[in-house]
Amino acid sequence: MLSISTGQHTENNNEGKTYNRREYSYASFTRAFTLPESADVDRIEAAYTDGILKLNIPKKEEAKAVSRQIEIQ
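On a predicted model such as this, the values are computed, not experimentally measured, just so you know.

Engineer: Honestly, the overall build of the protein chain in this entry has me stumped. Any pointers?
Structural biologist: Regarding its fold elements, the protein chain presents one helix and four strands. Reading the helices (α) and strands (β) of the protein chain from amino to carboxyl end gives β-β-β-β-α. A compact globule built from 73 residues should have a C-alpha radius of gyration of about 11 Å, whereas the protein chain, at 23 Å, is more than 25% larger. Taking the principal axes of its C-alpha atoms as reference, the protein chain extends roughly 80 × 30 × 20 Å. Contacts spanning at least 24 positions in sequence make up 27% of the contacts within the protein chain whose residues lie at least 6 apart. Accessible area for the protein chain stands at about 7,100 Å²; split by element, carbon and sulfur atoms hold 47% of it. Averaged over its 10 positive side-chain charges, the protein chain has a centre that lies 5 Å from the centre of its 11 negative ones.

Engineer: Sorry if this is basic, but what is going on with a nonpolar patch on the surface here?
Structural biologist: Taken together, the side chains of Tyr48, Leu53, Leu55 and Ile57 define a hydrophobic patch exposed on the protein surface, amounting to about 390 Å² of accessible area. In this structure Ile57 comes out as partly exposed when scored by relative accessible area, which is 34%.

Engineer: In this structure, what is going on with the confidence of the model for the protein chain? I would like to understand it.
Structural biologist: Detailed reading of the predicted model is not advised wherever pLDDT is low. Overall, the predicted model of the protein chain reaches an average pLDDT of 85, with 90% of residues at or above 70. The spread of mean pLDDT over the elements of the protein chain runs between helix H1 (residues 61-65), the lowest at 73, and strand S3 (residues 45-49), the highest at 93.

Engineer: Explain the pattern of salt bridges to me, please; I cannot follow it from the model alone.
Structural biologist: Side-chain pairs of opposite charge can arise where the charged atoms are in close proximity. Enumeration over the complete set of coordinates arrives at one salt bridge. In this structure, Arg43 and Asp40 form a salt bridge, with 2.7 Å as the shortest nitrogen-oxygen distance.

Engineer: Looking at this model, I keep getting lost on unusual backbone geometry. Mind explaining?
Structural biologist: In most cases, non-glycine residues show a negative phi, while peptide bonds are predominantly trans. Phi angles above zero are rare outside glycine, and Asp50 is one such case at about 55°. Here Asp50 lies in the loop between S3 and strand S4 (52-56). Overall, Asp50 belongs to the exposed group, its relative accessible area being 76%.

Engineer: How should the environment of Thr49 be read in this particular structure?
Structural biologist: On the secondary structure map, Thr49 appears in strand S3. For Thr49, a relative accessible area of 46% gives the class partly exposed. Separated by 43 residues in sequence, Thr49 and Thr6 place their C-alpha atoms 15 Å apart.

Engineer: Looking at this structure, I do not really get the side chain of Asp40. What am I missing?
Structural biologist: Positionally, Asp40 belongs in the loop between strand S2 (22-33) and S3. In this structure Asp40 comes out as buried when scored by relative accessible area, which is 16%. If we ignore the near neighbours within four places in the chain, the residues touching Asp40 are Pro58, Lys59 and Lys60.

What counts and what doesn't
- Residues numbered from 1 in each chain as written.
- Predicted model: local features only at pLDDT ≥ 70, side-chain atom pairs only at ≥ 80, totals over all residues.
- Heavy atoms only, no water.
- Helix = DSSP H or I, 4+ residues; strand = E, 2+ residues; numbered from the N terminus.
- Rg over C-alpha atoms; globule rule 2.2 N^0.38 Å.
- Contact = heavy atoms within 4.5 Å.
- Areas by Shrake-Rupley, 256 points an atom, 1.4 Å probe, with all protein chains shown as cover.
- Lys, Arg positive; Asp, Glu negative; His and termini not counted.
- Charge placed at Lys NZ, Arg CZ, Asp CG, Glu CD.
- Patch = residues over 30% accessible without salt bridge, like charges linked within 9 Å, V, L, I, M, F, W, Y side chains within 5 Å.
- Salt bridge = Lys/Arg side-chain N within 4 Å of Asp/Glu carboxyl O.
- Buried < 20%, exposed > 50% of the residue type's maximum accessible area, 1.4 Å probe, protein only.
- pLDDT = per-residue confidence, 0-100.

Following this line, the structure appears as structure tokens:
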């Protein structure tokens, strides 16, 4: 099981003026994926660049060796 989650908390505070105003913002994200048995969980890599999360989930070597031939009639 691969779980990806994030949380964000921001607080805006306008003190020092004749009034007080506070804004709170909370956001969270959680997603879970079931990985196949052929995934090599020890070599999973992730990179977060420019707001995009890229995951690299390689296959195990023995899973790469398995090939099938499907005959079309």
